[in-house]
Amino acid sequence: MGRIALVTGGTRGIGESISVMLKENGYTVIANYAGNDQAAQEFTERTGIQTSKFDVSDFDSVTKSINDIESTVGPIEILVNNAGITRDGTMHRMDFEKWNKVIQTNLSSCFNTCRAVIEGMRERSFGRIVNIGSVNGQAGQYGQVNYAAAKSGIHGFTKALAQEGAAKGITVNAIAPGYVATDMVRAVPADVLAKIVKTIPVGRLGEPEDIARSVLFLVADEAGFCTGSTLSINGGQHMY
Ligand code: NDP
């Protein structure tokens, strides 16, 4: 059995591609999701990958679910914090609920999951953590103070935890995707999306596989010297 990888939000979009690519490369994958049971069931039928339903923003639920996975499947050696949401709106119209939901789901989730696996990784002297940030966390984006703050926070979180894990064989890296063709981006109005594509030098949206390939690189046993980095994969839209 290959190393055990938990991919949050691993049943759709970028997460689905990460789950599948890890499985194809010999890892034992558990794909988490929040509530879309139908998508999760179809995902398992298509891929044969086991799923685990829990809300990454709920500390107790994350802790319990990760303990369950570790006692039934085995120790989680690879964690990909991919689950994320948007709740866009300009600051003067944004209510606290939208702010808080995005911060809890995109950023506090990283604390919740990492807290649950970090002691085991330290004991075993091995771990690979990859956090999915965003170009909008690097560059900011109109109507996304919540999302940009959460994603920017992920990049700081990554560097701090990387320093803590380095001597224990635990690497922590982030990926900052640009615009990738998933449900999240398909929800953007077509005229707005067309304008965004014009700002991408390679002239297209990214594909989920563009991101998954980088996760595969970062989680490899051989990638132990790569930690605290942020890989920008955005078609040249923002050169950071
Ligand atoms: P999708 O909306 O396509 O898929 C989101 C996945 O996350 C689903 O599996 C969903 O589960 C899960 N999820 C959402 N909320 C929770 C929660 N509270 N607990 C557990 N799982 C949850 O997203 P994308 O593939 O587009 O995005 C994946 C990541 O990449 C996100 O972090 C996003 O911010 C980031 N990103 C995406 C970009 C893009 O252009 N698409 C660009 C930059 C970054 P369910 O099916 O149950 O809803």
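Residues numbered from 1 in each chain as written. Predicted model: local features only at pLDDT ≥ 70, side-chain atom pairs only at ≥ 80, totals over all residues. Heavy atoms only, no water.

A.B. asks: Would you mind going over the pattern of salt bridges with me for this structure?
C.D. replies: Close approach of charged atoms allows side chains with opposite charge to pair. Per the stated rule, a full pass over the model turns up ten salt bridges. Because the salt bridges share partners, they merge into one network encompassing Arg3, Glu77 and Asp221. (Salt bridge = Lys/Arg side-chain N within 4 Å of Asp/Glu carboxyl O.)

A.B. asks: Explain the site of the ligand to me, please; I cannot follow it from the model alone.
C.D. replies: Around the ligand sit 31 residues in total, of which Gly35, Asn82, Tyr147, Val180 and Thr182 are the nearest. A distance of 2.7 Å separates an oxygen atom of the ligand from a polar atom in the side chain of Arg12. At 2.9 Å from an oxygen atom of the ligand is found a side-chain nitrogen or oxygen belonging to Lys151. Calculation on the ligand without its partners gives an accessible area of 910 Å², and the protein chains cover 93% of this total. (Near = heavy atom within 4 Å. Polar contact = N/O pair within 3.5 Å; in protein donor to acceptor, adjacent residues only side chain to side chain. Areas by Shrake-Rupley, 256 points an atom, 1.4 Å probe, with all protein chains shown as cover.)

A.B. asks: What exactly am I supposed to notice about the packing of helix α3 (residues 59-72) against helix α4 (residues 96-124) here?
C.D. replies: The description of two helices packed together rests on the angle between their axes and the distance between the axes. At a minimum axis separation of 8 Å, α3 and α4 run at an interaxial angle of 35°. By crossing handedness, the relation of α3 to α4 is classed as right-handed. Where α3 approaches α4, its residues Phe59, Val62, Thr63, Ile66 and Glu70 are matched on the opposing element by Phe111, Asn112, Thr113, Arg115, Ala116, Val117 and Arg124. Of the residues belonging to the contact of α3 with α4, the class tally is six nonpolar, three polar and three charged. (Axes fitted to C-alpha atoms, helices over the stretch in contact; angles between N-to-C directions. Helix = DSSP H or I, 4+ residues; strand = E, 2+ residues; numbered from the N terminus. Left-handed = near helix turned anticlockwise from the far one by under 90°. Contact = heavy atoms within 4.5 Å. Nonpolar A, V, L, I, M, F, W, Y, C, P; charged D, E, K, R; others polar.)

A.B. asks: Help me understand empty space enclosed by the protein in this model?
C.D. replies: By rolling a water-sized probe across the atoms, one finds the places where empty space is left. Under the definition given, this model contains one cavity of 30 Å³ or more. Here the largest cavity is characterised by a volume of approximately 40 Å³. Along its surface, the largest cavity is lined by Thr8, Asn81, Asn82, Ala83, Asn106, Ser109, Cys110, Ile132, Lys151 and Ile154. Of all the elements in the fold, those that place two or more residues in the lining of the largest cavity are α4 and α6 (145-165). By residue number, the principal contributor to the lining of the largest cavity is α4, which donates three residues. Class assignment of the residues belonging to the lining of the largest cavity gives a composition of four nonpolar, five polar and one charged. (1 Å grid on protein atoms, 1.4 Å probe; cavity = no way out; pocket = protein on both sides within 12 Å on 5 of 7 lines; lining within 4 Å. Points joined across faces, edges and corners; volume = space filled by probe spheres on them.)

A.B. asks: Whenever I open this one, the packing of helix α1 (residues 13-24) against helix α9 (residues 208-219) confuses me. Can you help?
C.D. replies: Remark: α1 packs on α9, axes separated minimally by 8 Å, with the N-to-C direction vectors making an angle of 45°. Of the possible angle classes, the one that applies to α1 and α9 is oblique. As α1 packs across α9, the resulting crossing turns out to be right-handed. For the pair α1 and α9, contact is made by Gly13, Ile14, Ser17, Ile18, Met21 and Leu22 and by Pro208, Glu209, Ile211, Ala212, Arg213, Val215, Leu216 and Val219, respectively. Looking at the contact of α1 with α9 residue by residue, the class counts come to ten nonpolar, two polar and two charged. (Parallel < 35°, antiparallel > 145°, perpendicular 65-115°, else oblique.)

So yeah, pure geometry; function would need other evidence.
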